[in-house]
Amino acid sequence: MGKPVVDYSLYLVTDSTPAILGNRDLVSVVEAAVQGGVTVVQYRDKTSDTRVLVDTARALHAITSRHGVPLLINDRVDVALAVGCEGVHIGQDDMDLPTARKLLGEDKIIGVSASTLEEAQTACDQGADYLGIGAVFSTATKTNTKNVLGVSGLRALLSALATSHPAIKTVCIGGLNATNLQRVLYQSATDGKPADGVALVSAIVAAEDPEAEARRLLALVRSPPAFVGRAELDGAGAGAARDVESVLARVVQNFAANVALAVGASPIMANYGEEAADLSKLGGALVVNMGTVTPEALENYAKALRAYNLAGGPIVFDPVGAGATSVRRNAARSIMAAGYLDRGVDSSHTLSLAERASLVSALARRERNVIVCTGKIDVVSDGRRTLAVSNGHEMLGRVTGTGCVLGTTISAFAAAAAAAAAGASASGAGGSAGPDRLVAAVAALVVFGVAGERAAEREDVQGPGSYVPALIDELYKIRRETVKGDMVWLEKAKVEML
Ligand code: 3NM
């Protein structure tokens, strides 16, 4: 026979409790989910009698076998042996792995739950076939989870395993659903290999239509997040804009349309998270400006992040005053944990350019994100390409609110780039898989900086009070000039590759 080869992409863990299953029939729910595309099923039932377990497992195995999907039993090696299914999944308090292996033999799949690196490595050394790593997020489905890892904890674990046990298969579990699984897979794969799949309970078992939901989830697991740009997908291959000339060439190429669209963008100030689901469908971008850090505001930010992550829309995070108070530091941390953010904007005055460049590129690499650090010279990086934009004027730093205007300008360019990429892929041109987010950020910094310089040079500007309206006028005028085809202002762009 030999051990089956398992596709761990979409791993369904069942739950028979009324809170999740409701009054539906578990076998029908699993059948629907398997038809939708679930690639592996774990029958998990912590309360039923052995007779019910064996009967249910047998019914489930009849269905999963028909679809070529492996069935694993949670904890109960005896039940797995009784029904002859493909294996078991054991937790840290269940039967030990060497004993389970002795009973089941080499051809059965044995998975082990791990929430720490030590547990993970012990299981690997003892011959586990895969690990269930969790909990990624806290979840109402299992309230006795030992450790909530977050994306950063999951990343650390995967990264260590990539060195110590590169062949081990992994699924992550805990609080995963359609709104977060793509970014969890994406952001946890920075240093090592990505998880091989996601394991979910309530997202499928409690879904109104488990078949449709499984289909949707599988498509999400198998595709890169919508916010991932073309340059990132190209990886080391051809086509990625790597040098300053090609980045700038692309900036110029997209400039006319983007400036027109971007600086003509229509903002809506929404403080109520429930609005985000509708807004995210309009094709724009979200700015999370951490001006307010009350608990209610944080809850609203989290709702908006989930909605835009699901829609794939760009998000700009402006961590206003993140270093100033411990409340703000924690708020920035919780916002970053709540969703995938396209880019952060914050200014730094104390570090050298080289120090800022290495900090920004390291952060961008870790977060798989575009990071902007403003200052006399702005530094922007996507972790692979780091650029300096020297446009701007010291007046920008003397008035409050300009950082917020910059955040909005970046979001408008990100939205314009996303719209252009969506248009290109809809028309089949260039097979675009997403916007180049770095290019969009550089373009925004240049427009903003040049507008800032032009405003400062105006004779009617006497000081900070008249500077801000002049800045907004210059942004508007740059847009009008660009629409007319007058690109002279672009000659002022000061961009270099670091
Ligand atoms: N194991 P949901 S979390 C069964 O951390 C299970 O090992 C976990 O349920 C672990 O997808 C969990 O509904 C429940 O959040 C996951």
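Use the structure listed above.
Residues numbered from 1 in each chain as written. Predicted model: local features only at pLDDT ≥ 70, side-chain atom pairs only at ≥ 80, totals over all residues. Heavy atoms only, no water.

Undergrad: What am I meant to see in the overall build of the protein chain here?
TA: Within the protein chain, the regular secondary structure consists of 19 helices and 15 strands. When contacts within the protein chain are restricted to residue pairs at least 6 apart in sequence, those whose partners lie at least 24 apart make up 70%. Approximately 21900 Å² of the protein chain is accessible, and the part contributed by carbon and sulfur atoms is 54%. (Helix = DSSP H or I, 4+ residues; strand = E, 2+ residues; numbered from the N terminus. Contact = heavy atoms within 4.5 Å. Areas by Shrake-Rupley, 256 points an atom, 1.4 Å probe, with all protein chains shown as cover.)

Undergrad: Explain the site of the ligand here, please?
TA: Neighbouring the ligand are 13 residues; T139, T141, G175, V201 and S202 lie closest to it. At a separation of 3.1 Å, an oxygen atom of the ligand approaches a polar backbone atom of A135. G175 is positioned such that a nitrogen or oxygen atom in its backbone is 2.7 Å from an oxygen atom of the ligand. The fraction of the free accessible surface of the ligand (430 Å²) that becomes covered by protein chains is 93%. (Near = heavy atom within 4 Å. Polar contact = N/O pair within 3.5 Å; in protein donor to acceptor, adjacent residues only side chain to side chain.)

Undergrad: Whenever I open this one, the packing of helix α18 (residues 437-457) against helix α19 (residues 464-483) confuses me. Can you help?
TA: Contact geometry for α18 and α19: axes closest at 8 Å, N-to-C directions at 120 degrees. Accordingly, the angle class assigned to the pair α18 and α19 is oblique. For α18 against α19, the interelement crossing comes out right-handed. Note on element contacts: α19 touches α18 through Y467, A470, L471, E474, L475, K477, I478 and E481, opposite V447, F448, V450, A451, G452, R454, A455 and A456. Counted by class, the contact of α18 with α19 contains eleven nonpolar, one polar and four charged residues. (Axes fitted to C-alpha atoms, helices over the stretch in contact; angles between N-to-C directions. Parallel < 35°, antiparallel > 145°, perpendicular 65-115°, else oblique. Left-handed = near helix turned anticlockwise from the far one by under 90°. Nonpolar A, V, L, I, M, F, W, Y, C, P; charged D, E, K, R; others polar.)

Undergrad: Looking at this structure, I do not really get the nonpolar core. What am I missing?
TA: Among the nonpolar cores identified, the biggest contains 77 residues, and L10, Y11, L131, C172 and V198 are the most heavily contacted of them. A total of six residues in this core trace back to one element, the largest contributor, which is helix α2 (residues 26-36). Setting aside residues up to four positions removed in sequence, V198 forms contacts with Y8, S9, L10, Y11, C172, L176, L181, L185 and V221. With 35 residues, the next largest nonpolar core counts V370, L396, A444 and V450 among its residues. (Core = buried A, V, L, I, M, F, W, Y, C linked by side-chain atoms within 4.5 Å. Buried < 20%, exposed > 50% of the residue type's maximum accessible area, 1.4 Å probe, protein only.)

Undergrad: Explain the pattern of salt bridges here, please?
TA: Any two side chains of opposite charge can pair, given that their charged atoms come close. For the structure on display, the rule yields 21 salt bridges. R458 is the partner of D460 in a salt bridge, and the nearest nitrogen-oxygen pair spans 2.8 Å. Note that R458 is salt-bridged to E474, the shortest N-O span being 2.8 Å. Here R458 is found in the loop between α18 and α19, whereas its partner E474 is found in helix α19, with 16 residues between them in sequence. Residue E474 is classed as buried on the basis of its relative accessible area of 2%. Each of the salt bridges in this network shares a partner with another, and the network as a whole consists of R454, R458, D460, D473, E474, K477 and E481. (Salt bridge = Lys/Arg side-chain N within 4 Å of Asp/Glu carboxyl O.)

Undergrad: When you look at the packing of α2 against helix α3 (residues 50-66) in this model, what are you seeing that I'm missing?
TA: Where α2 contacts α3, the two axes come as close as 10 Å, and the packing angle between them is 15 degrees. Classified by the interaxial angle, the pair formed by α2 and α3 is roughly parallel. α2 and α3 meet at a crossing whose hand is right-handed. In contact with L26, V27, V30, E31 and V34 of α2, α3 contributes T56, A59, L60, I63, T64 and R66. Within the contact of α2 with α3, the residues separate by chemical class into seven nonpolar, two polar and two charged.

Undergrad: Before we go on, may I ask you to explain the sheet that holds strand β2 (residues 40-43) in this structure?
TA: One closed barrel holds the eight strands; their spatial order is β1-β2-β3-β4-β5-β6-β7-β8, and the pairing between them is parallel. Put simply, the sheet's adjacent strands are angled 25 degrees from each other on average, direction ignored. With five bridges connecting them, strand β6 (residues 130-134) and strand β7 (residues 169-173) associate as parallel partners. The partner of G132 across the bridge, within β7, is V171. Running over the sheet, helix α5 (residues 97-104) touches β4 (87-90) and β5 (109-114) and is turned about 165 degrees from β5. Packed on one face of the sheet, helix α10 (residues 210-222) meets β1 (10-13) and β8 (197-200) and runs near 140 degrees to β1. (Pairing = 2+ DSSP bridges.)

Undergrad: Help me understand the side chain of T139, please; the structure alone is not making it clear to me.
TA: Locating T139 in the fold gives a position in the loop between β6 and α7 (150-164). A polar contact of 3.0 Å, which involves the side chain of T139, links it to the backbone nitrogen of T141. The residues contacting T139, other than those within four sequence positions of it, are G174 and G175.

Undergrad: What's the story with unusual backbone geometry in this structure? I'm lost.
TA: Trans is the common state for peptide bonds, and a negative phi is the common state for residues other than glycine. A cis amide bond links G134 with the next residue in sequence, A135, at an omega value of 0 degrees. Tracing the backbone shows A135 in the loop between β6 and α7. The phi angle at D75 is positive, at roughly 70 degrees, despite the residue not being glycine. Structurally, D75 can be placed in the loop between β3 (71-74) and α4 (77-83).

Undergrad: Can you help me understand the side chain of D45 in this one?
TA: Within the secondary structure, D45 sits in the loop between β2 and α3. It is R76 that comes nearest to the buried, bridge-free D45 among opposite-charge side chains, at 8.5 Å. Apart from residues no more than four positions distant in its own chain, D45 is found in contact with S16 and L53. (Lys, Arg positive; Asp, Glu negative; His and termini not counted.)

Undergrad: Looking at this structure, I do not really get the environment of P225. What am I missing?
TA: Tracing the sequence through the fold places P225 in the loop between α10 and α11 (230-234). Excluding residues that lie within four positions of it along the chain, P225 makes contacts with Q182 and Y186.

Undergrad: For this particular structure, what's the right way to read α7?
TA: Think of an α-helix as turning once every 3.6 residues; residues three or four places apart then point the same way. Taking 1.5 Å as the rise per residue, α7 with 15 residues should run 21 Å; its terminal C-alpha atoms sit 21 Å apart, in good agreement. Within the sequence span of α7, burial applies to G150, V151, G153, L154, R155, L157, L158 and L161. In the core, the buried residues of α7 are packed alongside α6 (117-125), β6, β7, α8 (181-187) and α16 (353-367). (Expected span 1.5 Å × (residues − 1).)

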